[in-house]
Structure formats: structure tokens, C-alpha cells
Amino acid sequence: MPDVKDVGALMSVTYDVAARDFVRAGEAASKLKRLLQQLGLDPAVIRRAAIAAYEAEMNIVIHSYGGQIKVDITPESIEMICEDSGPGIPDIEKALQEGYSTATEEIREMGFGAGMGLPNIQRSADQFRIESTVGEGTCLQVTILHEAGE
Amino acid sequence: MVQPYFHSVTLETENCKGCTICIKRCPTEAIRVRSGKARILELRCIDCGECIRICPNHAKRAIADDFSLLSKFKYTVALPAPSFYAQFSGPDMSISKILQGLLQLGFNAVFEVAEAAEYVSLAIRRYIESSSIRPLISSACPAIVRLIQVRFPDLIEHLVPVHAPVDIAARLAKEMVMRKLGLRREEIGAFFITPCPAKVTSVKQPIGFEDSWVDGAIPITSVYARMLNVLPYINETEGLQQASSVGVRWGRATGEENAVGVPRHLAVDGIQSVIEVLEEIEVGKFNDIDFIECQACRGGCVGGPLTVQNAFQAWVNIEELTKNLPAEIVPEIEQEVEKRWEDGFYSLEAKIEPRSILKLDDDLSRAIEKMELLEKTLESLPGLDCGSCGSPSCQALAEDIVRGLASEGDCVFVLRDGVQSLAEELLELARQVPSSISNQGAADKGLSEEETEK
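Cut-off values and rules
- Residues numbered from 1 in each chain as written.
- Chains lettered and ligands numbered in written order.
- Predicted model: local features only at pLDDT ≥ 70, side-chain atom pairs only at ≥ 80, totals over all residues.
- Heavy atoms only, no water.
- Helix = DSSP H or I, 4+ residues; strand = E, 2+ residues; numbered from the N terminus.
- Rg over C-alpha atoms; globule rule 2.2 N^0.38 Å.
- Buried < 20%, exposed > 50% of the residue type's maximum accessible area, 1.4 Å probe, protein only.
- Contact = heavy atoms within 4.5 Å.
- Areas by Shrake-Rupley, 256 points an atom, 1.4 Å probe, with all protein chains shown as cover.
- Lys, Arg positive; Asp, Glu negative; His and termini not counted.
- Charge placed at Lys NZ, Arg CZ, Asp CG, Glu CD.
- Salt bridge = Lys/Arg side-chain N within 4 Å of Asp/Glu carboxyl O.
- Pairing = 2+ DSSP bridges.
- Axes fitted to C-alpha atoms, helices over the stretch in contact; angles between N-to-C directions.
- Core = buried A, V, L, I, M, F, W, Y, C linked by side-chain atoms within 4.5 Å.

Enquirer: Looking at this model, I keep getting lost on the overall build of chain B. Mind explaining?
Expert: For chain B, the helix and strand inventory stands at 19 helices and 11 strands. Its C-alpha radius of gyration of 29 Å places chain B more than 25% over the 22 Å reference for a compact globule of 454 residues. The principal-axis extent of the C-alpha atoms belonging to chain B is close to 115 × 50 × 45 Å. Expressed as a percentage of its 454 residues, the buried residues of chain B come to 53%. Sequence separation of at least 24 residues holds for 78% of the intrachain contacts in chain B that already meet a minimum separation of 6. Split by element, the accessible area of chain B, about 21200 Å² in all, is 50% carbon and sulfur. Charge separation in chain B, taken as the distance between the mean sites of 47 positive and 66 negative side-chain charges, equals 5 Å.

Enquirer: Could you clarify how one ought to interpret the pattern of salt bridges in this entry?
Expert: Close approach of charged atoms allows side chains with opposite charge to pair. Summed over all chains, the structure comprises 36 salt bridges over all chains. Measuring nitrogen to oxygen at the nearest pair gives 2.9 Å for the salt bridge that ties Glu131 of chain A to Arg129 of chain A. Given a relative accessible area of 36%, Glu131 of chain A falls into the partly exposed group. Ionic pairing is found between Glu175 of chain B and Arg340 of chain B, a salt bridge with its closest N-O pair at 2.9 Å. Of this pair, Glu175 of chain B sits in helix α7 (residues 165–181) while Arg340 of chain B is found in helix α14 (residues 331–341), placing the two residues 165 residues apart along the sequence. Across this residue pair, the class does not change: Glu175 of chain B and Arg340 of chain B are buried.

Enquirer: I tried to follow the sheet that holds strand β8 (residues 188–194) of chain B on my own but got confused; where do I start?
Expert: Strand pairs in the sheet, formed through backbone hydrogen bonds, run parallel or antiparallel to each other. Residues and elements named next belong to chain B. If you trace the 4 strands from one edge of the open sheet to the other, you get β6-β5-β8-β9, paired in parallel fashion. Of all the strands in the sheet, the pair left with one neighbour each is β6 (109–110) and β9 (216–219). Where strand β5 (residues 75–80) lies against β8, 6 bridges are found, and the strand directions are parallel. Bridge assignment links Pro80 to a residue of β8, and that residue is Ile193. α7 rests against β5 and β8 of the sheet, and its axis sits at about 150° to β5.

Enquirer: Would you take a moment to explain the nonpolar core for this structure?
Expert: Within soluble globular proteins, side chains that are nonpolar tend to cluster in buried spots. Leu35, Leu39, Val71, Ile78, Met80, Leu140 and Val142 of chain A are the most contacted members of the largest nonpolar core, which totals 58 residues. The greatest single-element share of this core, amounting to 12 residues, is contributed by helix α2 (residues 43–63) of chain A. Excluding its chain neighbours within four sequence positions, the residues that come into contact with Val142 of chain A are Ala52, Ile78, Glu79, Met80, Ile121, Ala125, Gln127 and Phe128 of chain A. In this structure, Val120, Ala140, Ala217 and Val262 of chain B belong to the second largest nonpolar core, which totals 48 residues.

Enquirer: Whenever I open this one, the sheet that holds strand β1 (residues 11–17) of chain A confuses me. Can you help?
Expert: Residues and elements named next belong to chain A. Taken in spatial order, the 5 strands of this open sheet run β1-β2-β3-β5-β4, and their pairing is antiparallel. Both edges of this open sheet fall to β1 and β4 (127–133), since each of them pairs with a single strand only. When strand polarity is set aside, the average angle formed by the axes of neighbouring strands in this sheet is 10°. Note: β1 against strand β2 (residues 67–73), 7 bridges, orientation antiparallel. By the bridge assignment, Met11 is partnered in β2 with Ile73.

Below you can see the structure in the form of C-alpha cells.
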């Protein structure tokens, strides 16, 4: 896993995300959003970070056995590392396609698993990396620049 | 010079008992209790009027205009909100009768905001069709627009930048009077009969444009009693009523979404419900919805803090009053909207600016320092959110402390712990009487009886 701790993080926070906990699902993204607002970051940047964090959080809740979202705020960017232990993604390319989902019928009935999670994260990020090992878990690295354009 | 922000919602200091009921209900955490009285934090207040509704001592009040303002104009036009109609019921009640009543109160003319709402509905539809942003959020409720400015600044681009019906009503009415009677704009006074303080504030300082065509906002509560005096004597009900049921139903929740009539729409009423939905939109949900009507008050404008009738009764009254009205917007209005849409007649002129209240500091590193201090402070607080400190929650107190507006001793639990450890320390000190005057003192210092004797 790439370590971004040393690139001059001004602040680091870690949110634990429990598998299958739909009562608390979304709380990590919500806390992160408030934190970024308190830091006075640009609303558009906060929006993209909140969407990416929310989708990553939901992925961990729905698909994994649990994980963490670590956020480093540097002078230039928000770096998110979303790491879970779980089944992993066998075909990453497919998983990045809009509408592709492996969520169960039950999850879809709850209004999740529309296959937009990873594409939405990718769209929100300035840099995006995904690594996954089947049977072990998945790690996303999401960078959102403070001064980004679109 | 920065202009002082005008607020309609204000505190009646004498009535305030310093209880903490209002601070908990305020959706933007804009109230603190200090020195036994509530204080409204100007920058945070969105004039929604939740505190007016909840205060058991009637210590919150809306500043608004009154009838004396009418005498300043050569010609006056009443602009009744659709929710104003909903205050009245009875077998002989009709919208024409209500409008006639307003003329008897001294207005020279009436222009239905409900009619302007029809123009606005079509303009909103036009905008939705031209925009790729989803979901789009109505900007008709000024409390919601301000809520978004202060708490959801990242959603500003989702607001439909179309004027609210009352602003279009004022402009159409004045243009008509100018044309027909040859009066100048400033000789005509247009007065909104308002269900809420948020609209009073909008008239004084509009969002998204400079100069309001509305000259004053008179609360429904001030007009109601006068209306009761004149209504029984009105017999003739010549066709003053113009708007269809589509426009009149804007007065209650779901009226606007149905009037706009895009394929996928929904209506949310009650500011807490609106906050929940906005939070979902912030993380990318509801993006398959075209248009969301958001109303700060439950039931929509009929639930406004400056109305008289119970909101549920008012809801039914709207049903009754619109029963026999045409249910379609007339084609003339459609053509009119089409004609003036391109000129920007319906569009807000200026950008809606964010007014974020959460930011701890303008400088990122300083904000982070404060954030860390905030977290540490929060850990030392009990997390009960009791409100006794005068801030709405432990989180809010921690923020206030970091901003220098409060101190840890404001927390009764921290204070009690402090007093306890102080008392223990005192007791400890009291025990430590100098050995020169007490045996106990010497014993405590580990000196044995014999040693002391020596």
C-alpha cells in the first residue's frame, strides 16, 4: 500500500467502517464533510470529497468484511485511502464500468448497488488508483486537489 | 462599508427567560444563551422562524412592515401570498371575496402572487430543461436558499436561479400600473402579504438580485383581524380572481412541484426533513430526480410562522377554494413566459454567494490547529448535549470555545468536576497544617513522635 503519511500531511484522520452496518453507513462521509467545511475548503472540493468518501464507505459496507478510510489533508490536496479486507475484485476493469454491480438482489432492493460507486469515485477524483487481491481485499487511493478545475 | 445584515427574526429581551428550548431547535445553531438571555448570531440566522414557533414565552418576534407604509405611495398594490387565501373558509368564501377585502383595507389594486407563480412554474420548467445538473432545487423558499448558503454551500449550483413568485408579481403589477395610469415606478408601492419572516428579510435584502420590486412585507397575522372586520360586508364578488388552481396550490407543499410538472419530481417540507435530503444530495444521491421543491415549513407556506390558521386546516381551505377553479395554466401565460425568458426577465441577475458558517479560520494551517484543539476540547466535554452552557450541543460549545466565544467552565459538568477537585485540594491543604503548630502535620510528614520530641 502506498504511504502518503510523509508527503507533508497537515492533518490525518481515520474512520472505521463496519461491514453490513446500514444504520451507521454514511457517517464517515458525513463526518469528513463537516471536518472539511470547518477547515474552510472550497465547496466544490468538499462536494467531490464527500461523494468519493460516501461511495467508498458504501462499498466497504456492502461488499467487504470491514475496513477503514484514512484521510490526509495536505496543503495541496485531500488524500483518501480506503482499504478493506474482503473478497476483493476479480475484474477491476469491469467494476469500473457504469452500471456493473455484483451486489445481491437484497442490497439492490435497499436502493444500493446500482453499479455507480467506483465510477462516481473515479469521476470525483483528480487521481485514482485501485488495487485488489481476490480473497484479501481492496485498496483505493483517491486524490482530490484543492485547486483543481473540473 | 459592510452593510449590517437585516434580520426579520429578533429577540424580545424582556420576554426571554433564558431557557434553552430555542437553541436546540435552530437548524443553523444560530442561538446562544448568554447572561440569561438568548442571543441570535446574525451571520448564522436564516430567518426561518423556527424559534418564533417554538418559544413558549413569545420572546422571538418578526420585524415586518405595517399599513402605515402605504401612505408613502401614490398608488398601492397588495400581493397576497396563496397561503393568505388559506386563512379563510366558509360556505360563501371565495378568492374574489378575499381580494375585494384587501381593496377595502386601503389598497388601490391587487395582484395575485398565485398568478405570478404560474409564470414562475413555467420559467422553472424552462430552466430545468436547459440544465444538466440534477437534482435541481427550488429557490422559492428564502429560508431554504439561506440554509443552503450557510450549511450546504456546495449545493448552490443546484438551486434554480429563477425569481420567486412574489418578485415577479411585484414587477408585473407595477409594469401594468405604469402602463395604464402613467405612474412612475417609485410612485407605486407593492406589498406582499407574507406568511413568513424569511420573505420579510428577502424584500429588504434580496438574494441573487439588487433591487427588489416589492416595497414591503406585511405579515398575514397583521392583516387577518382587519379582514375579519370587512369580509362579512362584501357581497359583490366581481371577477378579481385570475389565477388557476395550479398557482393557488403553490401555497401548500407539493403545489410547486406539480405546477412545474417535469417528469421526476418530489416535495420535501419541514426544515429538518429538508436538511436530511440536502445531506443525501451532497453525497450524490437523488441524482435521478429532476426537481425538488423544498419548504422550510411543514405543510409548505400554509405552515408559515406568520400565519393564523392551523396548517392542516389551511391545507383543506386551499382545497375548498380551488375546487371550482380552472386546473390549467392559460396558453397566454405560456406565450408570455416564452417571450420574456430569453431577456432574462425570470432569471436571478447575480450569483447566489456561499455564506459558510462552519469555517474555523481563513488560513488552512490555522484552521487545522483550531480543529485539533476542538477535538481535544470535545473529548473533555460530557457529550450529553444538555444545552445548559447556552450552546446547543457539546460540539457547538467546543466550536464556541475554539472561536473564543465561550470557555470550558461554561459546561456545568466540567465546572462541577473543577469544583470537586478544588474542594479536594482545599481539604488536602487544610490537613497540611504546618508541623510547627500541629502533631498531625508532623505525622503526615513522616516524622515520628520521638523525632518530634528530639
